[in-house]
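Chain by chain, the residues run as shown.
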Amino acid sequence: MEEFITACPRNCYSTCSFRVQVENNTISRIFPYPGNLATPEGPCIKGLSYIERTHSSDRIIHPLRRTSSGRFEKITADDALDIISDKLSRLKDLYGPESILWYRGSGMSGLVNDIGSSFWKSFGGATTTYGNLCWPAGLEAVRLTLGQVKHNVPWDLENAKTIIIWGKNPAETNIQEIAFISCAKEKGCKVIVIDPRRTPTSDKADMLLSPHPGTDGALALAIASVLIRENMVDRKFINDHVKGFDEFSDSLSISPEEGERITGIPAFNIHELAHIIAEGSPVSIIPGYGLQRHYNGGQTIRSILSLSIITGNLGKPGAGFNYANLQSYIFDDLMEPLSYYPDKEKDFPFRRTVSMTNLGRDMSSTSGPPLKGAWIERGNPILQSPDSGMVVKAFADLEFRVVVEQFLTDTAAIGDIILPAKDIFEQSDIIGSYWSPYVCYKPGITEPPGEVMPESEIYYHLAKRLGLSIDTSQLPEPGNGNIEKWLENRIRGYSNLTLSELKKGPVLAPGLQHIAYSDMKFETPSGKIELLSSEAARKWGISPLPEYIADDTEDKHYPLSLITPNAAGRIHSQFGNLNIIRTTLPEPAAELSPFDAKKRRIITGDRIRIRNSEGEIVTRARISGRVPRGIIVLPNGIWLSEGGGGNHLITGRFTDIGFGAAFHDTRVEVEKAE
Amino acid sequence: MAEGFIFNHNNCVACGACSAACVLENKWTISPRTVYTYNSPVLPAFPVLNLSLACSHCKTALCLEGCPSSAYYRETVTGAVVIDDTKCIGCRYCQWNCPYDAPKYSPEDRVIGKCNLCYLRVKDGWMPACSTACPTGALAYGSLIRQEASERVAWFPDKGLEPFVELKGSSRSPLRIIPESRFDPEPDLILKKAALIDKEWSLIAFSFLTALSVARLISSLVEGNFPDPLQFLLLIVFAALFSLLHLGKKNRAWRAALNLRSSPLSREIGLFILYSVSAVSILLYQLPVLLIVTSVTGLFLLIAVDAVYIFADNRKAVFLHSGQTFLSALLMVSFFTGIILPFIFIATIRLTASVWRLKSDRTEHLKFVMRFFRCALLIISGISMITKISYPETGVIILFLSGELLDRMLFYIDFKPLNINRLINNQIIEAEK
C-alpha cells in the first residue's frame, strides 16, 4: 500500500489537498492533508467519491464509435486515432484548420492542458471560444477597480468582525470556508447572508436578506448612499487610495426607500445594514458568482465592491472583498479574465469567433471558413451552454465530432468518436486555485484502465499520424515520466518552486500576500482604487462609475425567475452520476416556493413543465420553504436523463462586461405536466 | 477517560461526507451514519439544525440487550457495540429499542447494519472514517469530557443510556429573515404523521392469532372440554408463519431464542416454542394436566408478547393500552365462555383506555374512525352477550373478534418507540405553537 498527497483539479473554489492510499492500482482510501491550511479537514463528498468514480463500471475505458444506427461500438485506440486523423486532415485540406472548433470546458484544470494548445498550433490553428460561462463579469469588475483579482488567505476570515456572504453558498460550493466562518462566529463575528434563497449557508447566519434576483447592485448602492450621507465612510482611506469618490458620491441616486422599491428589502433594514458595515469593522464581503450571471453582473460586483472601498475594508486582516484569489495562478502569461478575450494578433493561429455565451448561434453563423468539425474536451456544452436548442443544432450540423470524456454525458452522446478521458490519479499535473493560495502537485499514481489515454498522449499520437513536426518540449512523448519532465521545465524560473518541493505537499504561491493589497498598490491605470474607471467605459461602454440598471426582461406571461445554482452533490454536470452521491444526497428536482406551488396545484414529486418563449422542459418538482415566492430553482448540471436541461430555457445573453453569460435573467412559467 | 464521537452542530452543513465515508470504508449497502436536518421545512420559530448521528455505543446498549439472536456484542478494546451480520435475523427489534436510530435495516442485505466505530481502524490508532472525512471539523472522535447539564445541547434528548457522544454548539435562535413575507413555510411536511401501520401486518397477525389460540384453550379449560384440534393447530401454525414473514433472514429464525437472558423478544419466541410443543402434546395425549400446563404457558407467553413492546417503549405509554394481548385474551375467554362479570370488568377497563385515547385522535381521521368502531363493536357484542340476543351466533363472534383485531391494529399505530427524531420534531412543533 502506498500513500500520496494529491489535489482535486475540479472547477471549484477549494482545490482540496488530500492524501490517497493506493493498493494494486486501486484507490482504497482518501484522507485529509492538514498541511493545506485552506482545506485542513479534507475534501467534500465529491472528493471522497473518487474512490468510486475512478473505478466506476460506468466509466468509458475504450474508444467508442457511433454506428449508423446511432449506437456506440467499442473500437481500438489505433482505429479511433486513424479515423480522427483522416477526418481532421480532410477537413483541414478542404476548409482549412479553422473549420475545426476546439472546445475546452473547465472539467479538469492543470498546466498539462497547455499541451493541447501546442498540438492545435502545430495543426495550423483552430477556432476556439472567447468569454466564459462562469465568472468573467465579476473578475473584470474587480480587475478594473483594484487592478488585480486577489483576496486574503481563506483562514484570515477568522479575524473578521462582520462577514457578509453575498450570493454565495459555501455550504454547498466551498465547504471548507464554513469552518473559518464558524470560527469567526465563535469569536463574536456577525454573519449576514444576502441571497434570494434560504441556503444551507444561511442556516449558519444571524440574518438573511432576500432581495429580488438581479437587484443586488441597487441594494449595494442604496447602502452606499446611507454610508456617505451619514458620514460613515473612511475619509483617510478614500483620500489616500481611491480615485473618483466624489463622482461616485454625486452619482448615487438610490435612496433606501428607492432601494426598498427595487430590491424588496425594507428601507429600515438597508439603514441597519449600512450601520452594521460601518460599525462592524473589519468587514469581509464574500460575493458569489451567481449574482453576476445577470446582464448587469459586472456593475453589480462594482457596486458591492464600492462598500468595501468607501469603508476602508481592504488590505487589512479580517477585511476584504473575496470574489476570487488568483494569486496561485502564477504560470499564466495572460491571467483571467484577459485570457478570455486575448489580443487577436498574439492569439494567432487561433481564431475566436465563437463565444461561450452564444455558442450555438456563433457556431452556426461562423463563416470563412464555416465550422465543420469539433473537438470537445473537459466540457459538457450540450448541457451547460445557454440556448441549448441552438447548441444541439449547431453540433448536429457539423460533419465530425470528437468528444474526450469519462462518462457517457449528454455531450459525449453527440460524439462520432468518444475517446476515454483520464481521471485525476492517472497523470501528473500542477494546479492553482481561485480561492486557496496554494500551488499543488497532483501525481500520476495509477495506470489508466483499458485504453484510456491522457489528452497529451492522444495529441502526441495524432500529431504522429498527421505528420506534424513534433517538438517534444511542447508535445511530450507518452509516459508519465515525460510529463513530469515537461512540468519541471514548465515551472522553471519560478522562485522556490520546484517539482521536488511540490511533491512534498502544496506550496504557498510565490509572492503571496496573505493580506491582499496590504501594500496598498493597485495595478490600475491611476495606481489607485478606481471607483471611477475610464477603462470600463472605454472597453465595455458602461458608465465609468458603478451603476444599477434595472432588468428589462419582465414578462407577465412568465412570472417566475429561474435560477440555476450549483448543488452540493455536483460540480456543474460532474459527480451527480455516481452512486455514492445519489444515495447520500437528495434527488435533483426543480424547487418551488409553497406559495407558487399551491397556486399551480403542484406538490412535491409532480412532473412539471417549465416553459418560456425559448422552450420547455419537463422535470420533477419539490416544494421548499427555502425558496422565496416568485422563484424557481433548478440546479445546473443535472443530466437530461435526470430531468435537467434548464439551459433550454435560457437565452444566450452577454453580461455587461467580460463576455460572461447572463443565465439568471430568465423568466418562466410552470405547470403540472400531465 | 472514555472516547467517543464529538459533534459540533455549528459547523455541520449536512454535506453528507461522513455518511459517504462510512459507506466507502465499510462497503455498506446503506449508511449507518445519517445526517438529520431538523426543521428542514424551515418553520420560522425554530432554527435549522443539523445532526450527524451513527451509533453512540451507549453504556446501556438496548440494541444489544434486546437482540433475540445474540448478534450484537461489545468489542472489548474500543468498547464498540458491534453487530455480526451473519447472526442477525433481520427482526429489526433493535430499531425499536434504540432511541438514536443507530441500527439501519438494509432491504438489500435483509439484515441490520450499524456503526461499528471502525473498531479495526481505531485499534490501529486511526480515527473512524466518518470523523476523518468531515470537511468542516464538525465531527471528530476523541476523549469525551463530562458535560455539565448547562453545556449540553438542549435539544438533544438524554435518555439515561449514557451514550458515548459529546454534542457541542452554541444555542441558536431562529434565523432573522428580511423580508419575512417572501418565504412561506411548508408545515405539512413536518406535521404529517408517520404512516399508519408500516410493514407490521405480520406482527399484528402473529400476536392476534396467538392471543386467540390461548383464549380458545383457556375457554376449553373453563368449559371442561378439549379444543377443536384442527382449529387450534391452525391458529398456532399460522401465528408461527406470520411471525416468520416479519424476518429479513427466515433461514436464521432458529437464532431468535438465543438470548433468553436479556431479550424480551427471545423470551417471547422461547415461550411460543414451549407453548406450541405443549399444545401439540395436548392434541396427542388429551390429558387435562397438559391443558392446564399449556394454558399457564399461554398466559406467560402473552405476558411475554406484551413485554416485547413495553421494553421497547421506554416511556411506558403502551403499558395501559387496551390492545395488549393479555387483556385481549382474557376478554375473549369471558366472551367465549359467557361469564358476564369478568367480561364487564375487563371491557370497562379497555373501553376507558380507548375512549381516553379517542380524545387525542381528533387530528388523525383514520385513527379516530378505527377507534370509534373498536368501541362500538365491543359495546354491541357486550350487549348481545348480556341480553343473549344473537349470542353466541357466528356473526356476533366475528363482530367481537373484529373489534379485538382493530384494537390490536391500533396498538401498533399507537406504539411509537422512543426516537430522537420524533422528540426533536415535537420540540419544533411545540415552538411553532
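Residues numbered from 1 in each chain as written. Chains lettered and ligands numbered in written order. Predicted model: local features only at pLDDT ≥ 70, side-chain atom pairs only at ≥ 80, totals over all residues. Heavy atoms only, no water.

Novice: Quick question: what am I supposed to make of the overall build of chain B here?
Specialist: Of the regular secondary structure elements, chain B holds 15 helices and 10 strands. Within chain B, buried positions represent 58% of all 433 residues. Considering only contacts within chain B whose residues lie at least 6 apart along the sequence, 71% involve residues at least 24 apart. Entry remark: accessible area of chain B is about 19000 Å², with carbon and sulfur atoms responsible for 64%. (Helix = DSSP H or I, 4+ residues; strand = E, 2+ residues; numbered from the N terminus. Buried < 20%, exposed > 50% of the residue type's maximum accessible area, 1.4 Å probe, protein only. Contact = heavy atoms within 4.5 Å. Areas by Shrake-Rupley, 256 points an atom, 1.4 Å probe, with all protein chains shown as cover.)

Novice: Would you take a moment to explain the domain arrangement of chain B for this structure?
Specialist: A common measure of how large an interface is: the accessible area buried when the components associate. Residues and elements named next belong to chain B. Split by domain assignment, chain B resolves into domain 1 (3-183) and domain 2 (201-245 + 263-414). Look at where the C-alpha atoms of domain 1 and domain 2 centre, and you get two points 38 Å apart. With nine residues of domain 1 at the contact, the number on the domain 2 side is 11 residues. Between domain 1 and domain 2, roughly 850 Å² of surface is buried when both sides are summed, and carbon and sulfur atoms account for 66% of that area. (Domains from an automatic or database assignment. Buried area = accessible area lost by both parts, 1.4 Å probe.)

Novice: Explain the packing of helix α13 (residues 365-387) of chain B against helix α14 (residues 394-414) of chain B to me, please; I cannot follow it from the model alone.
Specialist: Between two packed helices, the angle of one axis relative to the other and the distance separating the axes together describe the packing. All names here are of chain B. Where α13 meets α14, the axes come as close as 8 Å, and the angle between the chain directions of the two elements is 145 degrees. Along this stretch, α13 crosses α14, giving a crossing that reads as left-handed. The residues of α14 that touch α13, namely those facing Lys367, Met370, Arg371, Phe373, Arg374, Leu377, Leu378, Ile380, Ser381 and Ser384, are Val396, Leu399, Phe400, Ser402, Gly403, Glu404, Leu406, Asp407, Met409, Leu410, Ile413 and Asp414. When grouped by side-chain class, the residues that make up the contact of α13 with α14 number 12 nonpolar, four polar and six charged. (Axes fitted to C-alpha atoms, helices over the stretch in contact; angles between N-to-C directions. Left-handed = near helix turned anticlockwise from the far one by under 90°. Nonpolar A, V, L, I, M, F, W, Y, C, P; charged D, E, K, R; others polar.)

Novice: Please clarify how the nonpolar core should be interpreted in this entry.
Specialist: Grouped together as the largest cluster of nonpolar side chains are 99 residues, with contacts concentrated most on Trp135(A), Trp166(A), Ile223(A) and Ile310(A). Broken down by element, the residue count for this core peaks at 10 residues, all from helix α8 (residues 216-229) of chain A. (Core = buried A, V, L, I, M, F, W, Y, C linked by side-chain atoms within 4.5 Å.)

Novice: What's the story with the interface of chain B and chain A in this structure? I'm lost.
Specialist: Facing the 41 residues of chain B at the interface are 51 residues of chain A. Carbon and sulfur atoms supply 57% of the area buried between chain B and chain A, which totals about 3900 Å² over both sides. Looking only at chain B, the three residues that lose the most surface to chain A are Ile178(B), Arg182(B) and Phe183(B), adding up to 19% of its buried area. On the surface where chain B and chain A come into contact, there are three salt bridges. The tally of links between chain B and chain A comes to 15 residue pairs in polar contact (both at pLDDT 80 or more). Of all the secondary structure elements, the ones that give two or more residues to the side of chain B that touches chain A are α1 (17-26), α5 (129-133) and β10 (176-178) of chain B. It is α1(B) that provides the largest number of residues to the side of chain B that touches chain A, a total of seven residues. Class assignment of the residues belonging to the side of chain B that touches chain A gives a composition of 22 nonpolar, 12 polar and seven charged. (Salt bridge = Lys/Arg side-chain N within 4 Å of Asp/Glu carboxyl O. Polar contact = N/O pair within 3.5 Å; in protein donor to acceptor, adjacent residues only side chain to side chain.)

Novice: Please clarify how the sheet that holds strand β1 (residues 2-7) of chain A should be interpreted in this entry.
Specialist: The strands making up a sheet associate through hydrogen bonds between their backbones, and the pairing can be parallel or antiparallel. Residues and elements named next belong to chain A. A sheet is described by the order of its strands in space; here three strands give the open sequence β1-β2-β3, paired in antiparallel fashion. Lying at the two open borders of the sheet, with one neighbouring strand each, are β1 and β3 (26-32). Each strand of the sheet is rotated relative to its neighbour by a mean of 30 degrees, with strand direction disregarded. Looking at chain direction, β1 and strand β2 (residues 17-23) are connected through six bridges and run antiparallel. Counterpart to threonine 6 in the pairing with β2 is phenylalanine 18. (Pairing = 2+ DSSP bridges.)

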